[in-house]
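What the coordinates show
These are the residues of each chain, in order.
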Amino acid sequence: MKRRGFYIGRFQPYHNGHQSVLERIAEMVDEIVIGVGSAQSSHELENPFTGGERVLMITRSLETLGCPFYVIPIEDIQRNALWVAHVTSMTPPFEIVYSSNPLVVQLFSEAGWEVSSPDMYKRETHSGTAIRERMLRGEPWEHLVPRAVVEVIREIRGVERLIQIAKDDR
Ligand code: ATP
Ligand code: MG
């Protein structure tokens, strides 16, 4: 029997903090199930990239991980009490949840799952929020994400998209 670990985020965008956590998880389980949360959202300041674009960022960044992984888009359901059942209805079976997000930890713990919270990797600089702010201000952000993510964001003109949707029509 394969021991699978579950890791979920919005990955707006996928960054070196996520990569560092997944490299550590790869040492502890046989396979990794990666949930792409708020998969339906895109073209918003908090969620600029589509579910599919984020699948691309993750899949390309983990090409040399050396541990099998599955990337599963998960849409929001707006009912936290039912969310764990929603997630498990969409994913390959897993035994352990890795998350540092307090709500994710709470919901899975309440449902009786084993949850482990990996240490943060340079959280001040390595957060989706900080990276999106850098993109909007025209500051360097490329060093905070895997090379493959720089390429995907360039390919989809992601920074130009973010700047455009941040404008208003006044
Ligand atoms: P945002 O600022 O948009 O919320 P984020 O950096 O928190 O972005 P998420 O996609 O929300 O990224 O997070 C996915 C998971 O990765 C969460 O469990 C979060 O706690 C974790 N995480 C985020 N940043 C780091 C980091 N620097 N090191 C380790 N884990 C991280
Ligand atoms: Mg977050």
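Since the structure is predicted, the reported quantities are computational estimates derived from the model, not experimental observations.

1. Details of the sheet that holds strand β1 (residues 4-9)
- Strand order in this open sheet of 5 strands is β3-β2-β1-β4-β5, and the pairing throughout is parallel. Because the sheet does not close on itself, it has two edges, and the strands there are β3 (69-73) and β5 (114-116). Across the sheet, the axes of successive neighbouring strands diverge by a mean angle of 25 degrees, strand direction being ignored.
- Note that β1 and strand β4 (residues 96-98) share 3 bridges and pair parallel. If you follow Tyr-7 over to β4, its bridge partner there is Tyr-98.
- Sitting on the sheet, helix α4 (residues 102-110) touches β1, β4 and β5, and the angle it makes with β5 is about 160 degrees.

2. Focus on the pairing of β1
- Across the 6 residues of β1, 6 count as buried, placing the element largely inside the fold.
- Here β1 shows no split at all, with Arg-4, Phe-6 and Ile-8 on one side and Gly-5, Tyr-7 and Gly-9 on the other all buried.
- Of the strand pairs in this sheet, β1 and strand β2 (residues 31-36) are connected by 6 bridges, and their pairing is parallel. Along β2, the bridge assignment pairs Phe-6 with Val-33.
- Following the backbone out of β1, through helix α1 (residues 16-25) and into the adjacent parallel β2, one traces a crossover that is right-handed.

3. Section: the site of ligand 1
- The local shell around ligand 1 holds 20 residues, among which Tyr-7, Tyr-121, Arg-123, Gly-128 and Thr-129 are the closest.
- Between ligand 1 and Thr-129 there is a distance of 2.5 Å, counted from an oxygen atom to a side-chain nitrogen or oxygen.
- A distance of 2.8 Å separates an oxygen atom of ligand 1 from a polar side-chain atom of Arg-132.
- Isolated, ligand 1 exposes 600 Å² of accessible area, and the fraction of that covered by the protein chains is 92%.
- For the shell around ligand 1, the secondary structure elements donating two or more residues are β1, α1 and α5 (128-137).
- A breakdown of the residues in the shell around ligand 1 according to their chemical character gives 6 nonpolar, 11 polar and 3 charged.

Calculation rules
Here the residue index of a chain counts from 1 through its sequence in written order. To read the labels, note that chains go from A and ligands from 1, taken in the order they are written. Given that the model is predicted, a residue must reach a pLDDT of at least 70 before its local features are reported, and side-chain atom pairs must reach 80 or more before they are shown or counted; all residues, however, enter totals for whole chains, interfaces and linings. Side-chain metrics rest on all non-hydrogen atoms present in the structure, leaving aside hydrogens and water. Strands are treated as partners if at least two bridges between them are detected by DSSP. Think of it this way: any DSSP run of H or I at least four residues long counts as a helix, any run of E at least two long counts as a strand, and we number them from the N terminus. Fitted lines through C-alpha atoms serve as axes, helices being fitted only where they are in contact, and the angles separating the N-to-C directions of these axes extend from 0 to 180 degrees. In this analysis, two residues are considered to be in contact whenever any of their non-hydrogen atoms come within 4.5 Å of each other. Remark: exposure states derive from per-residue accessible area (1.4 Å probe, protein chains only) relative to the maximum for the residue type, with buried under 20%, exposed over 50%, and partly exposed in between. Crossovers are marked right-handed if the path from the first strand over the helix to the second runs clockwise, as seen with the strands pointing away from the viewer. Any residue with a heavy atom positioned within 4 Å of a molecule or strand is treated as near that molecule or strand. By the criterion applied in these results, polar contacts are pairs of N or O atoms within 3.5 Å in which, for protein atoms, one can donate a hydrogen and the other can accept it, and in which residues neighboring in sequence qualify only through two side-chain atoms. Only the protein chains shown count as cover for residues, with accessible areas throughout obtained via the Shrake-Rupley method and a probe of 1.4 Å. In the scheme used here, Gly and all other residues not listed as nonpolar or charged are polar, with Ala, Val, Leu, Ile, Met, Phe, Trp, Tyr, Cys and Pro taken as nonpolar and Asp, Glu, Lys and Arg as charged.

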